[in-house]
Amino acid sequence: YDAETCIISVGRSGSHWMETVCSELDIPTMSNRVDIGVRVEVPAPIFEHITDELYEGKIVYRTEKFEDNVRTFCMNPHGIVVNENTNGIVTVNGHSFEDEGKKTDNTNFALLVSKHFSEPFKDSNGYGESIARLSNMLGGGVIVQRFGDLERGRRSTVDRMKESRTVPTLKATPGDLSLVLPKRILDGIIEMIYALDKIAPGRTRRKPRDLPQKPLRHRRRQRRHALPVPRLGKRCLCGPPHPGAERLNTVKRQRRLPDGASVF
């Protein structure tokens, strides 16, 4: 067949084959954007005021720190998270069902950070695949982490996952996504989750700077104590624990909100 223009859609799985064909035919190519992110699972009632009206809300956020676009994608009300194997790389996807008997108590959606690369780098698909392969290498497959553990910078364990209010619908390896995702991508995802919490509260604890200031005033008073105190809540270098430390820690524990999301 002869044509002035030919459109070929091979999908992600056929991108390497298409690249080879273009190279053999001397067809110039350009690097497209790559979307890198996670799939978030939360209790379904958190998003029902959106999903009951739109089914799948499209929410786009521009981060303050890096000015990257982060968007929701493929929202599944009362759905499940499933494994997806593409050329031997195991990632996750989401499904939802019309059958009431198959619906779950959770809603899941993807959070994707869009990244464009400039010269000389051109292999955007290879960049994304390398991140997915690293996740598979560390977790033996898909990694799951509580959002509370992610923002604290600690790995999720089996015991910590049991403390989560959200019971994941996919059996995955508890781990640490900060060892997988680049910092810029991870910062954008965390910032987006806090932004979403303003329109659909329930996924996060409040940030420390959003907590009432009374504990901080208590800390300033204690600094006038005669003994040097490097850090409240820790054992003093000069002797026994600071007399105000236990009270301050008790106030902090009372104001801490539970963690409310699983991140794959």
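Conventions we followed
- Residues numbered from 1 in each chain as written.
- Predicted model: local features only at pLDDT ≥ 70, side-chain atom pairs only at ≥ 80, totals over all residues.
- Heavy atoms only, no water.
- Buried < 20%, exposed > 50% of the residue type's maximum accessible area, 1.4 Å probe, protein only.
- Helix = DSSP H or I, 4+ residues; strand = E, 2+ residues; numbered from the N terminus.
- Arc of directions from axis to C-beta.
- Contact = heavy atoms within 4.5 Å.
- pLDDT = per-residue confidence, 0-100.
- Pairing = 2+ DSSP bridges.
- Axes fitted to C-alpha atoms, helices over the stretch in contact; angles between N-to-C directions.
- Phe/Tyr/Trp six-rings, centres within 6.5 Å; stacked < 30°, edge-to-face > 60°.
- Lys NZ or Arg CZ within 6 Å of the ring centre and 35° of its normal.
- Expected span 1.5 Å × (residues − 1).

### Observations regarding helix H1 (residues 15-24)
In an α-helix, one full turn covers 3.6 residues, which means residues spaced three or four apart are oriented alike.
Consideration 1: Buried within H1 we find Ser-15, Met-18, Val-21 and Cys-22. The buried residues of H1 occupy an angular sector of 120 degrees when projected down its axis, which confines them to one face. In H1, the exposed positions angled more than 90 degrees off the buried face are occupied by Trp-17, Ser-23 and Glu-24.
Consideration 2: Taken together, the buried residues of H1 touch helix H3 (124-139).
Consideration 3: One or two steps after H1, the chain reaches Asp-26, where phi turns positive at roughly 55 degrees.

### A short note on the confidence of the model for the protein
Consideration 1: On average, residues of the protein carry a pLDDT of 80, and 78% of them reach 70 or more.
Consideration 2: Counting interchain partners and residues more than four positions distant, the pLDDT-below-50 stretch residues 208-245 has 32 contacts.
Consideration 3: Under a pLDDT of 50 for its full length, residues 247-258 has, in the predicted model, 20 contacts with residues more than four places off or in other chains.

### Some points on the sheet that holds strand E9 (residues 262-263)
Consideration 1: Strand order in the open sheet formed by seven strands is E2-E3-E6-E1-E9-E7-E8, and the pairing between neighbours is mixed. Each edge of the sheet is formed by a strand with only one pairing partner; in this case those strands are strand E2 (60-62) and strand E8 (173-174).
Consideration 2: On the sheet, H3 packs against strand E1 (34-43), strand E7 (143-146) and E8 and is oriented at approximately 45 degrees with respect to E1.
Consideration 3: Seen against the sheet, helix H6 (residues 183-199) touches E1, E2, strand E3 (69-76) and strand E6 (106-115) and runs at an angle of roughly 135 degrees to E6.

### Notes on the packing of aromatic side chains
Consideration 1: Following the criterion strictly, the structure yields five aromatic pairs and no others.
Consideration 2: Each ring, one from Phe-117 and one from Phe-121, has its centre 4.9 Å from the other, and the planes form 65 degrees; the classification is edge-to-face.
Consideration 3: Each ring, one from Phe-121 and one from Tyr-127, has its centre 6.4 Å from the other, and the planes form 80 degrees; the classification is edge-to-face.
Consideration 4: With a relative accessible area of 25%, Tyr-127 lands in the partly exposed category.
Consideration 5: Joined through ring pairs, the aromatic side chains of Phe-117, Phe-121 and Tyr-127 make up one cluster.
Consideration 6: When the ring centre of Phe-117 is taken as reference, the NZ or CZ atom of Lys-115 above it lies at 5.3 Å.

### Overview of H3
Consideration 1: Helix length check: H3 (16 residues) gives 23 Å between terminal C-alpha atoms against 22 Å at 1.5 Å per residue, within 8%.
Consideration 2: For H3, the secondary structure elements touched by its buried residues are H1, E1, strand E5 (89-95), E7 and E8.
Consideration 3: Of the residues one or two after H3, Gly-140 is the one with positive phi, at around 65 degrees.

### Considering the environment of Gly-141
Consideration 1: Checked against the element boundaries, Gly-141 lands in the loop between H3 and E7.
Consideration 2: Among the residues examined, Gly-141 registers a relative accessible area of 10% and is labelled buried.
Consideration 3: With 58 residues separating them along the chain, Gly-141 and Asn-83 place their C-alpha atoms 8.9 Å apart.
Consideration 4: Those residues in contact with Gly-141 that sit more than four places away from it in its chain are Ser-135 and Asn-136.

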